[in-house]
2 protein chains.
Amino acid sequence: MAYRETEHTRQRKAETRQRLLEAARQLVAEQGFAAATAAAVAQRSGVAAGTIYRHFPNKSELVAEVFRYATEHEIAQVKVASELGESASEHLHHAVHVFAQRALQGATLAYALIAEPVDPRVERERLKYRFAYAELFEDLIHSGIEAQEFSQQDTAVSAAALVGLLAEALVGPLSQRFRDQSRDSNTPDNPYLIEQLVTLSLRLLGANPSP
Amino acid sequence: MAYRETEHTRQRKAETRQRLLEAARQLVAEQGFAAATAAAVAQRSGVAAGTIYRHFPNKSELVAEVFRYATEHEIAQVKVASELGESASEHLHHAVHVFAQRALQGATLAYALIAEPVDPRVERERLKYRFAYAELFEDLIHSGIEAQEFSQQDTAVSAAALVGLLAEALVGPLSQRFRDQSRDSNTPDNPYLIEQLVTLSLRLLGANPSP
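What counts and what doesn't
Residues numbered from 1 in each chain as written. Chains lettered and ligands numbered in written order. Predicted model: local features only at pLDDT ≥ 70, side-chain atom pairs only at ≥ 80, totals over all residues. Heavy atoms only, no water. Least-squares fit on C-alpha atoms with pLDDT ≥ 70 in both. Contact = heavy atoms within 4.5 Å. Helix = DSSP H or I, 4+ residues; strand = E, 2+ residues; numbered from the N terminus. Axes fitted to C-alpha atoms, helices over the stretch in contact; angles between N-to-C directions. Parallel < 35°, antiparallel > 145°, perpendicular 65-115°, else oblique. Left-handed = near helix turned anticlockwise from the far one by under 90°. Nonpolar A, V, L, I, M, F, W, Y, C, P; charged D, E, K, R; others polar. Salt bridge = Lys/Arg side-chain N within 4 Å of Asp/Glu carboxyl O. Buried area = accessible area lost by both parts, 1.4 Å probe. Polar contact = N/O pair within 3.5 Å; in protein donor to acceptor, adjacent residues only side chain to side chain. Buried < 20%, exposed > 50% of the residue type's maximum accessible area, 1.4 Å probe, protein only. Expected span 1.5 Å × (residues − 1). UniProt positions renumbered as here; feature names shortened; annotations may be inferred. Phe/Tyr/Trp six-rings, centres within 6.5 Å; stacked < 30°, edge-to-face > 60°.

- Under an unreviewed UniProt entry, the name given to chain A is TetR family transcriptional regulator, and the organism recorded is Bacterioplanes sanyensis.

### Here's the deal with the relation of the copies chain A and chain B
Now for step 1: Mapping chain A onto chain B calls for a screw motion: a turn of 180 degrees about the axis and a shift of 0.0 Å along it, with 0.0 Å RMSD after fitting. Viewed as a symmetry operation, the transformation between the two copies matches a two-fold axis.
Now for step 2: Mapped onto chain B, 97% of the interface residues of chain A again fall at the interface, so both copies present the same surface.

### Considerations on unusual backbone geometry
Now for step 1: Not every positive phi belongs to a glycine, and A:Gln148 is a case in point at roughly 55 degrees.
Now for step 2: With respect to the helices and strands, the residue A:Gln148 is situated in the loop between α7 (120-146) and α8 (155-179).

### Here's the deal with the packing of helix α4 (residues 59-81) of chain A against helix α6 (residues 107-114) of chain A
All names here are of chain A.
Now for step 1: The interhelical angle for the contact between α4 and α6, taken along N-to-C directions, is 110 degrees, at an axis separation of 11 Å. As summarised for this structure, α4 and α6 are arranged roughly perpendicular, according to the angle between their axes. Here α4 and α6 pass one another in a crossing that is left-handed. Of the residues in α6, those touching α4 at Phe67, Ala70, Thr71 and Glu74 are Leu109, Ala112 and Leu113.
Now for step 2: For the contact of α4 with α6, a count of residues per class yields five nonpolar, one polar and one charged.

### Details of the pattern of salt bridges
Residue and element names in this part refer to chain A.
Now for step 1: If you walk through the whole model with that rule in mind, you get 28 salt bridges over all chains.
Now for step 2: Across the salt bridge formed by Arg10 and Glu7, the nearest N and O atoms sit 2.9 Å from each other. In this pair, Arg10 and Glu7 are both assigned in helix α1 (residues 2-31), three residues apart and thus about one turn of the helix distant.
Now for step 3: Because the salt bridges share partners, they merge into one network encompassing Arg17, Glu61, Glu65, Arg68, Arg121, Glu125 and Lys128.

### Looking at the interface of chain A and chain B
It is common to give the size of an interface as the accessible area that goes away when the parts come together.
Now for step 1: Taken together, the contacts link 35 residues of chain A with 34 residues of chain B.
Now for step 2: Here chain A packs against chain B, burying approximately 2700 Å² in sum over the two surfaces, 65% of which is carbon and sulfur.
Now for step 3: Summed over the three residues of chain A that lose the most area to chain B, namely A:Pro117, A:Glu168 and A:Arg203, the buried surface amounts to 23% of that side.
Now for step 4: On the surface where chain A and chain B come into contact, there are two salt bridges.
Now for step 5: Across the pair A:Glu168 and B:Arg130 runs a salt bridge whose closest N-O atoms are separated by 3.1 Å.
Now for step 6: Seen at the junction of chain A and chain B, the total is eight residue pairs in polar contact (both at pLDDT 80 or more).
Now for step 7: Looking at the side of chain A that touches chain B, the elements with two or more residues in it are α7, α8 and α9 (191-204) of chain A.
Now for step 8: Each residue belonging to the side of chain A that touches chain B can be placed in one class, and the counts come to 20 nonpolar, seven polar and eight charged.

### Considering the environment of B:His55
All names here are of chain B.
Now for step 1: Position of His55 relative to the elements: it lies in helix α3 (residues 52-55).
Now for step 2: Residue class for His55 comes out buried when judged on its relative accessible area of 13%.
Now for step 3: Measuring from C-alpha to C-alpha, the distance between His55 and Arg17 comes to 6.2 Å, with 38 residues separating the pair along the chain.
Now for step 4: Once residues within four sequence positions are removed from consideration, His55 is found in contact with Lys13, Thr16, Arg17 and Leu20.

### Here's the deal with helix α4 (residues 59-81) of chain B
An α-helical turn contains 3.6 residues, so a residue and the one three or four places further along point in the same direction.
Now for step 1: Between its first and last C-alpha, α4(B) extends 34 Å over 23 residues, near the 33 Å set by a 1.5 Å rise per residue.
Now for step 2: Among the residues of α4(B), the N-terminal cap falls to B:Asn58, whose side-chain oxygen and the backbone nitrogen of B:Ser60 are separated by 3.2 Å.

### A closer look at the UniProt feature "domain: HTH tetR-type" (unreviewed entry) in chain A
Now for step 1: UniProt marks residues 14-74 of chain A with the feature "domain: HTH tetR-type" (unreviewed entry), using the numbering shown here.
Now for step 2: Across residues 14-74 of chain A one finds 75% helix and 0% strand; the C-alpha atoms that close the span lie 23 Å apart.

### What to know about the packing of aromatic side chains
Residue and element names in this part refer to chain A.
Now for step 1: The tally for this structure, following the rule as stated, stands at 10 aromatic pairs over all chains.
Now for step 2: Ring geometry for Tyr129 and Tyr133: centres 5.2 Å apart, planes at 70 degrees, overall edge-to-face. Taken together, the residues Tyr129 and Tyr133, both in helix α7 and four residues apart, mark about one turn of the helix.
Now for step 3: The exposure class of Tyr129 is buried, given its relative accessible area of 7%.
Now for step 4: These aromatic residues form a ring-pair network of at least three members: Phe33, Phe67, Phe99, Tyr129, Tyr133 and Phe137.

The following block contains the structure:
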């Protein structure tokens with residue numbers, strides 16, 4: 001009986017934790033990390049402000065976990081896209097397209113993940129997030145070299161370069177939309193910018209011109 | 001007489017401020033931003049710990065100013081390099097070479113400027129720093145297009161992409177050296193990596209193959 005009570009308590013605790021995370025994620029997607037204060041998260045999830053600290057030792061820890069949660073989802077989407085098409089160039093085209101399109105459509109979340117000034121605890125998650133993308137791209141570049149579609153190159157250096165290229169070229173447009181966040185957040189994507197990024201990425205890797 | 005006393009006081013104040021900044025810069029170059037605590041800066045510059053707060057409202061403000069001070073110097077060096085050589089490809093080659101070489105030789109400072117997790121106040125300076133590099137590269141790309149050496153492209157997008165490429169490809173090697181900072185900080189540069197970065201940069205911009 002005591003065991004079942006503990007189990008029940010644990011489950012409720014897990015549910016509350018999930019609710020707090022989800023509320024924080026929504027706040028970040030709407031207004032960035034700066035908006036995910038303990039008070040706002042508590043209010044959004046309908047718990048007392050103090051409850052947060054029973055689930056996360058401090059606000060940074062909550063925000064870092066939201067960061068992990070949101071980025072895993074983003075990386076999974078790009079991974080799926082990177083398997084579309086036949087050639088390595090097509091894989092890359094789809095991956096870059098989805099990365100940029102998702103960023104521009106969810107500009108506030110993307111800016112928060114890529115560039116919003118955050119505290120060092122969260123910044124460390126950001127470095128991991130970029131390494132996770134680099135790993136994904138490294139596999140892709142490796143296949144492209146094997147298939148003689150891409151130039152010979154150091155795949156680790158080129159993969160990191162590709163992540164940097166995409167993130168930095170998006171920071172300007174995203175920060176603009178981030179500042180404009182009070183307007184309609186469903187801003188249309190920017191097909192011209194996305195095409196530029198695909199072209200730059202293919203060129204970076206020395207991809208054969210498409211037939 | 002009263003005026004001259006004020007003048008004297010002002011000058012002494014400016015000197016102390018400069019001494020604090022220089023001490024903080026040295027600490028960052030040796031061990032990163034995390035080491036530039038108020039106590040360490042005070043000790044290094046030979047002032048009482050409380051004195052710092054007469055010159056900077058808080059530690060973040062001091063660190064942000066050190067960031068500006070150090071980055072202006074770095075950008076000036078790359079600017080000088082970007083004027084060497086005859087063609088746009090040569091300008092780019094020199095600029096990328098100097099950027100990467102300086103980063104690898106002063107790995108702790110470079111990692112601190114490019115990627116060390118810092119508080120949001122300093123992170124904002126970092127975004128400005130990256131925009132300053134983008135501006136420098138944008139002029140260079142523009143000349144290369146005019147001279148028909150580089151592909152037609154959106155110079156703002158490509159300049160940001162180039163900054164991202166360089167920063168991100170250096171983060172891995174720099175963070176390794178940053179962690180190894182207790183060893184000799186005069187690590188040799190890495191000519192192989194530098195050459196890779198030059199190749200990637202030229203390819204990114206669609207530079208004509210060298211004659």
